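# Architecture at a glance
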Amino acid sequence: MQVQVARIGKPHGIRGEVTVQVLTDAPDERFVRGTEFVVEPAKAGPLTIKSARWNKDILLLGFEEVATRNQAEELRGAKLFIETEELDEDDDEGWYEHELLGLDARVGSQTVGKVTALNTMPVQDLLVIEDAAGREILVPFVEEIVPEVNLEEGYVLLTPPAGLFELNVDDAEGAGSSNGD
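Residue numbers run consecutively from 1 along every chain, following the written order of its sequence. In keeping with the model being predicted, local features are shown solely for residues with a pLDDT of at least 70 and side-chain atom pairs are shown and tallied solely at 80 or more, while totals for entire chains, interfaces and linings include all residues. With hydrogens and water set aside, each side-chain value is computed from the structure's full complement of heavy atoms.

## Quick word on the sheet that holds strand β6 (residues 79–83)
Only when DSSP finds a minimum of two bridges between them are two strands counted as paired. Helix numbers and strand numbers start at the N terminus; a helix is a DSSP run of H or I with at least 4 residues, a strand a run of E with at least 2. Around the barrel, which closes on itself, the six strands sit in the order β1-β2-β5-β4-β3-β6 with antiparallel pairing between neighbours. Each neighbouring strand pair of the sheet contributes to a mean axis angle of 50 degrees, computed without reference to strand direction. Interaxial angles span 0 to 180 degrees and are taken between N-to-C directions of axes, which are lines fitted to C-alpha atoms, for helices over the stretch in contact.

Below you can see the structure in the form of structure tokens.
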């Protein structure tokens, strides 16, 4: 099985470097010279890292197969994957997005939505939960708020602080539903 570790963004400079959206918690281990990625779409790859450097908070990658800005532009939106056999065996405390997608989100025994994405952020990850009304709720993926992930039974247990599920509700929507007309 393959796990997505990055999505290629726009070109950077004229020598074929690209920006990437990092989707792994160990970028310094995943993006090293000589690492080969499976690419989606397949016609864009495979790609082998020639260089990796940080420009402020943005990771810039150069690939052996890409020498020009025009070639780099053709990679925009491509997804980079590694084989799961390459993953560390001692990485038991984390989950990958593909494992979490579609899990029920429960508060106690009540299902409040489904996991639709995992946003990997510099400080902490966020679970994206879609509630029954189709609204997205961003839930910090920390042990205090998500104490249990049960892949076998297909759910994540949430202990959200008061108001977390109301944060994303539009003010007009809230005013309309409380208006007695």
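## Quick notes on the confidence of the model for the chain
Every residue is assigned a pLDDT by the predictor, reflecting its confidence on a scale from 0 to 100. Confidence in the prediction of the chain, expressed as mean pLDDT, is 82, and 83% of residues score 70 or more. Whether two residues touch is decided by their heavy atoms; if any such pair falls within 4.5 Å, the residues are in contact. A low-confidence stretch, residues 86–91 (pLDDT under 50), is modelled with eight contacts involving residues beyond four sequence positions or located in other chains. Overall, residues 171–181 carries pLDDT values under 50, and its contacts beyond four positions in sequence, including any with other chains, amount to two contacts.

## Structural notes on the packing of aromatic side chains
Two rings from Phe, Tyr or Trp (for Trp, the six-membered ring) form a pair when their centres are within 6.5 Å of each other. A pair whose planes differ by under 30 degrees is stacked, one over 60 is edge-to-face, and the rest are tilted. Under the definition given, this model contains one aromatic pair. Look at Phe 31 and Phe 37: their rings are 5.8 Å apart centre to centre, the planes differ by 35 degrees, and that puts the pair in the tilted class. When sorted by exposure, Phe 31 lands in the same class as Phe 37, which is buried. Charges are assigned to positions over rings by a cutoff of 6 Å between ring centre and Lys NZ or Arg CZ, combined with an angular limit of 35 degrees from the ring normal. One cation-aromatic arrangement involves Arg 106 over Tyr 155; the distance from NZ or CZ to the ring centre is 4.0 Å. Categorising residues by exposure relies on relative accessible area from a 1.4 Å probe, with only protein chains included: less than 20% of the type maximum marks a residue as buried, more than 50% marks it as exposed, and the intermediate range marks it as partly exposed.

## Remarks on the nonpolar core
Counting 21 residues, the largest nonpolar core has Ile 8, Phe 31, Leu 61, Phe 63 and Leu 80 as the members making the most contacts within it. Among the secondary structure elements, those contributing two or more residues to this core are β1 (2–12), β2 (17–22), β3 (36–40), β4 (47–55), β5 (58–63) and β6. Dropping the residues within four chain positions of it, Leu 61 is found in contact with Gly 16, Glu 17, Val 18, Val 20, Phe 31, Ile 49, Ser 51, Ala 52 and Leu 80. Among buried residues, the Ala, Val, Leu, Ile, Met, Phe, Trp, Tyr and Cys ones that are joined through side-chain atoms within 4.5 Å form a nonpolar core. Counting 17 residues, the second-largest nonpolar core is a separate cluster that includes Leu 118, Ile 137, Val 146 and Phe 165.

## Observations concerning the environment of Val 5
Take Val 5: it is sitting in strand β1. The exposure class assigned to Val 5 is buried, which follows from its relative accessible area of 2%. C-alpha of Val 5 to C-alpha of Phe 37: the two residues are 32 residues apart in sequence and 9.2 Å apart in space. Val 5 has contacts with Gln 21, Val 22, Leu 23, Thr 24, Arg 30, Phe 31, Phe 37, Leu 80, Phe 81 and Ile 82, leaving out every residue within four places of it along the chain.

## Quick notes on unusual backbone geometry
Along the chain, Glu 40 connects to Pro 41 via a cis peptide bond; the corresponding omega equals 10 degrees. Relative to the assigned elements, Pro 41 resides in the loop between β3 and β4. Residue Gly 45 is joined to Pro 46 through a cis peptide bond whose omega torsion reads 0 degrees. For Pro 46, the position within the fold is in the loop between β3 and β4. In this structure, Lys 56 takes a positive phi of about 60 degrees despite not being glycine. Mapped onto the elements of the fold, Lys 56 is located in the loop between β4 and β5.

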